[in-house]
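Tertiary structure, described
Next come the chains, spelled out residue by residue.
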Amino acid sequence: MATVSTPVLHYVYDPLCGWCYGAAPLLHAAQAIEGLAIVLHGGGMMSGAKRQNVNDNLRRHVMAHDQRIAQATGQPFGAAYVDGLLRDTGAVFDSTPPTTAIVAAQEIAGLGLAMLHLVQHAHYVLGQRVAEAAVLAALVQQLGIAPDLFAAAYGRLAGAAIERHIAHSRALLARLGGQGFPTLAIEYLDGRMAPLELGNWLGRTEGWTDYLRQQLSTQTQPGQASGGPACGLGGCAL
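1. Notes on the confidence of the model for the protein
For the protein, the mean per-residue pLDDT works out to 91, and 91% of the residues sit at or above 70. Of the regions scoring below 50 in pLDDT, residues 220–235 engages in 48 contacts with residues more than four places distant in sequence or in other chains.

Here it is as structure tokens:
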């Protein structure tokens, strides 16, 4: 069994998953825990054949979940998103471009999680088209990454490389027994992988931090995988 030099929090996510946006404060909190690395795995929820143009059916489906996410987590959904992007029939919801940008930001500067949070804010608050190259290029500049470095990394990753990343992420999700996004697990120093409960901690950052520290200190497997309430409700299902 392979070992790691520091415990790793594996995060199987999608940038267009509303429940992943709801879980963003929990990832912020986890990032502040010393000695815990975070590895992102983009699952391609709306990639390939699952990409969609914005339409009334998509709007109604998304809004039903967004209302529950806002109530459960306190995360804001901006008017530019609710009354703008979700009515913009020229917009396409495609997970692949923002996932590629997140992987690129991680490879260049270790800023994948920061890029994910920028993409989520741009989508859910500012109502921007985060599947478009110009939007992603503007976001990455907020991280201080040089445009030419980002363009080169993005171009190298686009296509087969990001498809492999998504396939590996889905394989990990299946290995963990997760049913959708978000799903998290800790990889301990001895290489064991233990799924984490997430649904109980949405909107409860302090309790989540205590729970996570407990898992790190006890080095015990916490039980069966849980992808949070989204997995059984269709909003972020596979």
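2. Describing helix α6 (residues 112–124)
The terminal C-alpha atoms of α6, which comprises 13 residues, lie 18 Å apart, in line with the 18 Å expected from a rise of 1.5 Å per residue. The element α6 is extensively covered by neighbouring structure, given that 11 of its 13 residues are classed as buried.

3. Focus: the environment of L118
Looking at where L118 falls in the secondary structure, it is placed in helix α6. On the accessibility criterion, L118 (19% relative accessible area) is buried. In sequence terms L118 and V130 are 12 residues apart; their C-alpha atoms lie 9.9 Å from each other. Not counting residues within four places of it along the chain, the set of residues in contact with L118 comprises L139, Q142 and L143.

4. Section: helix α10 (residues 205–218)
With 14 residues, α10 should reach 20 Å at 1.5 Å per residue; the first-to-last C-alpha distance of 20 Å fits that figure. Looking at α10, one finds that the buried residues are W208, T209, Y211, L212, Q215 and L216. Take α10 and look down its axis: the buried residues cluster within an arc of 165°, on one side only. Opposite the buried face of α10, at more than 90 degrees from it, the exposed residues are E206 and S217. Against α2 (24–31) and β5 (183–187) lie the buried residues of α10.

Basis of the calculations
- Residues numbered from 1 in each chain as written.
- Predicted model: local features only at pLDDT ≥ 70, side-chain atom pairs only at ≥ 80, totals over all residues.
- Heavy atoms only, no water.
- pLDDT = per-residue confidence, 0-100.
- Contact = heavy atoms within 4.5 Å.
- Helix = DSSP H or I, 4+ residues; strand = E, 2+ residues; numbered from the N terminus.
- Expected span 1.5 Å × (residues − 1).
- Buried < 20%, exposed > 50% of the residue type's maximum accessible area, 1.4 Å probe, protein only.
- Arc of directions from axis to C-beta.

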